[in-house]
Amino acid sequence: DADLEIHRRRLQLALTAARRAGRLTGDLLDMARLDAGRFTVRTEPCAVRDLLEEAAEAVRADAADAGVDLAVEAPDGLPPVAADKDRVLQLLGNLLTNAVRFTPGGGRVALRAEAGPRQVQMVVQDTGPGIPPEERVRVFERFWQGRRASRQGAGLGLPIARGIVEAHGGKIWIESPPEGGTRVCFTLPAAS
């Protein structure tokens with residue numbers, strides 16, 4: 001029935017708008033907590049592969065719709081990280097969503113992890129156009145969006161990602177590999 005289909009589409013648009021508003025509200029609250037020094041994490045030992053797989057699963061449909069291959073690459077035997085699972089999934093979701101958004105169809109996004117001394121390094125790497133050097137220094141500034149940005153977001157994802165990593169005692173940075181694309185790297189402490 002045509003009327004039913006029209007109502008279904010309108011409901012879907014309303015749900016999408018409500019989800020976006022909820023995400024924006026949450027992001028603004030997170031920024032306020034970061035500014036006030038009240039952003040906290042509750043850590044527990046978390047299996048790295050489980051975090052990566054759960055984060056990838058949350059964006060897999062969007063990647064497929066965009067024609068982007070999404071891969072998780074983590075060796076066996078990685079130590080667990082001391083992490084706030086929900087916050088790390090939020091962090092990975094922000095990074096993966098950006099990577100999928102800026103990777104053209106037929107491209108690839110890889111989510112990797114490797115053990116280091118007393119920490120685990122995670123990497124989100126894409127085959128998108130990369131970030132010019134003059135823009136790379138600004139990517140963690142709030143509300144900032146690069147020239148190539150689609151203006152779909154509010155420019156809060158990467159500043160919040162930095163806040164989450166730093167609240168865990170880790171570091172986050174951006175690299176532009178010689179083969180092109182973008183690599184966002186961050187560390188989290190290994191669980192003791």
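Residues numbered from 1 in each chain as written. Predicted model: local features only at pLDDT ≥ 70, side-chain atom pairs only at ≥ 80, totals over all residues. Heavy atoms only, no water.

## Describing the side chain of Arg183
In step 1: Mapped onto the secondary structure, Arg183 falls in strand S7 (residues 182-189).
In step 2: Only 3.2 Å separates the side chain of Arg183 from the side chain of Gln125, close enough to count as a polar contact.
In step 3: In contact with Arg183, not counting residues within four places along its chain, are Val123, Val124, Gln125, Trp173, Ile174, Glu175 and Pro177. (Helix = DSSP H or I, 4+ residues; strand = E, 2+ residues; numbered from the N terminus. Polar contact = N/O pair within 3.5 Å; in protein donor to acceptor, adjacent residues only side chain to side chain. Contact = heavy atoms within 4.5 Å.)

## Focus: the packing of helix H2 (residues 48-66) against helix H3 (residues 85-101)
In step 1: Across the interface, H2 lies against H3 with an axial gap of 9 Å and an inter-helix angle of 25 degrees. It follows that H2 is roughly parallel to H3 by the angle criterion. Crossing angle aside, the handedness with which H2 passes H3 is right-handed. Seen from H2, the contacting residues are Leu51, Leu52, Glu54, Ala55, Ala56, Val59, Asp62, Ala63 and Ala66; seen from H3, they are Lys85, Val88, Leu89, Leu92, Leu96, Thr97 and Val100.
In step 2: When the residues that make up the contact of H2 with H3 are grouped by side-chain class, the tally is 12 nonpolar, one polar and three charged. (Axes fitted to C-alpha atoms, helices over the stretch in contact; angles between N-to-C directions. Parallel < 35°, antiparallel > 145°, perpendicular 65-115°, else oblique. Left-handed = near helix turned anticlockwise from the far one by under 90°. Nonpolar A, V, L, I, M, F, W, Y, C, P; charged D, E, K, R; others polar.)

## Let's talk about the sheet that holds S7
In step 1: Spatial strand order, S2-S4-S5-S7-S6: five strands in an open sheet with mixed pairing. Two strands lie at the open edges of the sheet, namely strand S2 (69-73) and strand S6 (172-175), each paired on one side alone. If you compare each strand with its neighbour and ignore which way they point, the axes differ by 15 degrees on average.
In step 2: Where H2 meets the sheet, its contacts fall on S2, strand S4 (108-116) and strand S5 (119-126), and the angle it forms with S2 comes to roughly 180 degrees. (Pairing = 2+ DSSP bridges.)

## Some remarks on unusual backbone geometry
In step 1: With a phi close to 60 degrees, Arg118 is a non-glycine residue in the positive phi region.
In step 2: Mapped onto the fold, Arg118 is located in the loop between S4 and S5.

## A closer look at the confidence of the model for the protein chain
Caution is warranted with low-pLDDT regions, since their predicted coordinates should not be read in detail.
In step 1: In this model, the protein chain carries an average pLDDT of 83, and 78% of its residues clear a pLDDT of 70 or more.
In step 2: Taking the mean pLDDT of every element in the protein chain, the minimum, 69, falls on helix H1 (residues 2-36) and the maximum, 96, on S2. (pLDDT = per-residue confidence, 0-100.)

## Thoughts on the pattern of salt bridges
In step 1: Here the structure, examined in full by the defined rule, presents nine salt bridges.
In step 2: Of the charged contacts in the structure, one is a salt bridge between Arg108 and Asp69, with a shortest N-O distance of 3.2 Å. With Arg108 in strand S4 and Asp69 in strand S2, this pair connects stretches of sequence that are 39 residues apart.
In step 3: A relative accessible area of 30% means that Arg108 is categorised as partly exposed. (Salt bridge = Lys/Arg side-chain N within 4 Å of Asp/Glu carboxyl O. Buried < 20%, exposed > 50% of the residue type's maximum accessible area, 1.4 Å probe, protein only.)

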